[in-house]
Amino acid sequence: MRIIKAKDYDDMSRKAANIMASVITLDPSCTLGLATGSTPIGLYKNLIAAYENGNLDFSKVHSINLDEYKGLSGDNDQSYRYFMNANLFDHVNIDKNKTYVPNGLEEDSDKACADYNEIIRSVGGIDIQLLGIGGNGHIGFNEPGEAFEKETHCVDLTESTIKANARFFESMYEVPKQAYTMGIKNIMAAKKILLVATGSAKADALYKSLYGPITPNVPASILQLHQDVTVVADEDALSLIKEKGLL
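All residue numbers refer to position in the chain's written sequence, counted from 1. At least 70 in pLDDT is required for a residue's local features to be given in this predicted model, at least 80 for side-chain atom pairs to be given and counted, and no such filter applies to totals for whole chains, interfaces and linings, which use all residues. Side-chain measures here rest on the full set of heavy atoms in the structure, leaving out hydrogens and waters.

Asker: Explain the overall build of the protein chain here, please?
Answerer: Segments assigned H or I by DSSP are reported as helices when at least four residues long, segments assigned E as strands when at least two residues long, and all are numbered from the N terminus. Broken down by element type, the protein chain carries eight helices and ten strands. As a reference, a globule follows 2.2 Å times the number of residues to the power 0.38, and the radius of gyration itself is taken over C-alpha atoms. Taken against the 2.2 N^0.38 rule, which gives 18 Å for 247 residues, the C-alpha radius of gyration of the protein chain at 17 Å falls within 12% of a compact globule. Reported as C-alpha extents along the three principal axes, the dimensions of the protein chain are approximately 45 × 45 × 35 Å. When burial is assessed residue by residue, the protein chain has 52% of its 247 residues classed as buried. When a residue's accessible area, from a 1.4 Å probe over protein chains only, is under 20% of the maximum for its type it is buried; when over 50% it is exposed; and in between it is partly exposed.

Asker: I would appreciate a short explanation of the state of the cysteines in the present structure.
Answerer: A disulfide bridge is the covalent bond that connects two cysteines by way of their sulfur atoms. Any pair of cysteine sulfurs within 2.5 Å is marked as a disulfide. Within this structure, the stated rule accounts for zero disulfides. Cysteine C154 remains unbridged, with the sulfur of C113 as its closest cysteine sulfur at 6.3 Å.

Asker: Explanation requested: helix 4 (residues 109-122) in the structure shown.
Answerer: For an α-helix, the turn length of 3.6 residues means that residues three or four places apart are oriented alike. Spanning 14 residues, helix 4 covers 20 Å between terminal C-alpha atoms, matching the ideal 20 Å at 1.5 Å per step. In what follows, a contact means two residues having at least one pair of non-hydrogen atoms within 4.5 Å. For helix 4, the secondary structure elements touched by its buried residues are strand 3 (62-65), strand 5 (99-100), strand 7 (153-156), strand 8 (178-181) and helix 6 (184-188). Here a polar contact is recorded for every N or O atom pair within 3.5 Å, except that within protein the pair must consist of a potential hydrogen donor and a potential acceptor, and residues adjacent in sequence are included only if both atoms are side-chain atoms. A side-chain oxygen of the first residue of helix 4 lies 3.1 Å from the backbone nitrogen of D110; this N-cap is D108. Taken from the residues just after helix 4, G124 is the one with a positive phi, measuring 85°. Each helix should span, by expectation, one fewer than its residue count multiplied by 1.5 Å.

Asker: What's the story with the packing of helix 2 (residues 41-52) against helix 3 (residues 80-87) in this structure? I'm lost.
Answerer: Geometrically, a packed helix pair is captured by the angle between its two axes and the distance between the axes. Axes here refer to lines fitted to C-alpha atoms; in helices the fit is confined to the stretch in contact. Angles between the N-to-C directions go from 0 to 180 degrees. For the pair helix 2 and helix 3, the least separation of the axes is 10 Å and the interaxial angle reads 40°. Taken together, the axes of helix 2 and helix 3 lie oblique to each other. Residue-level contacts link I41, Y44 and I48 of helix 2 to F83, M84 and N87 of helix 3. For the contact of helix 2 with helix 3, the residue count by class is five nonpolar, one polar and no charged. Orientation labels follow simple angle bins: below 35 degrees gives roughly parallel, above 145 gives roughly antiparallel, 65 to 115 gives roughly perpendicular, and whatever is left gives oblique. By the convention adopted, Pro, Cys, Tyr, Trp, Phe, Met, Ile, Leu, Val and Ala count as nonpolar, Lys, Arg, Asp and Glu as charged, and the other residues, Gly among them, as polar.

Asker: Any chance you could explain the environment of T198 here in plain terms?
Answerer: Locating T198 in the fold gives a position in the loop between strand 9 (192-197) and helix 7 (203-211). Between the alpha carbons of T198 and M12 there is a distance of 7.8 Å; along the sequence they are 186 residues apart. If sequence neighbours within four positions are ignored, T198 has contacts with Y9, M12, T39, D234 and A237. Polar contacts involving the side chain of T198 include one to the side chain of D234, which spans 2.4 Å.

Asker: Help me understand the pairing of strand 7 in this model?
Answerer: Along any regular strand the residues' side chains alternate between the sheet's two faces. In strand 7, alternate side chains face the same way, and those of H153 and V155 are buried while those of C154 and D156 on the opposite face are not. By the convention used here, strands pair only if DSSP detects at least 2 bridges between them. Pairing geometry for strand 7 and strand 8, over four bridges, is antiparallel. Along strand 8, the bridge assignment pairs D156 with Q178.

Asker: Can you help me understand the pattern of salt bridges in this one?
Answerer: When charged atoms on two side chains of opposite charge get close, those side chains can pair. Every case where a carboxyl oxygen of Asp or Glu lies within 4 Å of a side-chain nitrogen of Lys or Arg is listed as a salt bridge. In the structure shown here, the tally under the stated rule is ten salt bridges. As a salt-bridge pair, D90 and K96 come within 2.4 Å of each other at their nearest N and O atoms. Residue D90 is classed as partly exposed on the basis of its relative accessible area of 46%. Between E151 and R121 there is a salt bridge, with its nearest N and O atoms 3.6 Å apart. Placement of the pair is E151 in the loop between strand 6 (128-131) and strand 7 and R121 in helix 4, with a sequence separation of 30 residues.

Given below as structure tokens:
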């Protein structure tokens, strides 16, 4: 595992974008595993700038998103399909037919998950998986629990995650209570993993994930077993790790 220290959010975004851009440059037909939320937005802005400057070509790239709210259509402005269009896809030359997000409108959870697992297999797997980290250590919507979930599954969101996402909705009551998410097995099958973190609110989760016991109670702790993980985090997110003399 490699930890790259960044000064602040902007520095973290630049450094993480450079890593992802290098994967695209070395393999123009690569498959990117993408994430949503506030943390990756700066990374996506840097990728857009690289494209606009003529330094990056997305024309052959495939993408697989981690998750989607169950019950939201892709044109709902709180869906993750909408987020990806607004924050990346609409601004680069990627073929949207090669960009995949779970089908939030599929009511049959088993079918939605099986279909998504088949999509991941059909593109040959994920070359680099981008991850954020939740305050409780969740990755994707893999919440703390009794066991590591294997592949794509439907999850009941925890109260803490619902509250954390409520800022994007009119009220907490409008936040969907379920989501489709890639499972730990899907994530761990990626050739490379890029974890980004920013802010002191993530310091405890980051410390437990990187240096604590490997446990389903901290889903991101499983990343300790992956052969190629790069963490890019700012000073605040790394503060507890530094305080304990581990950096």
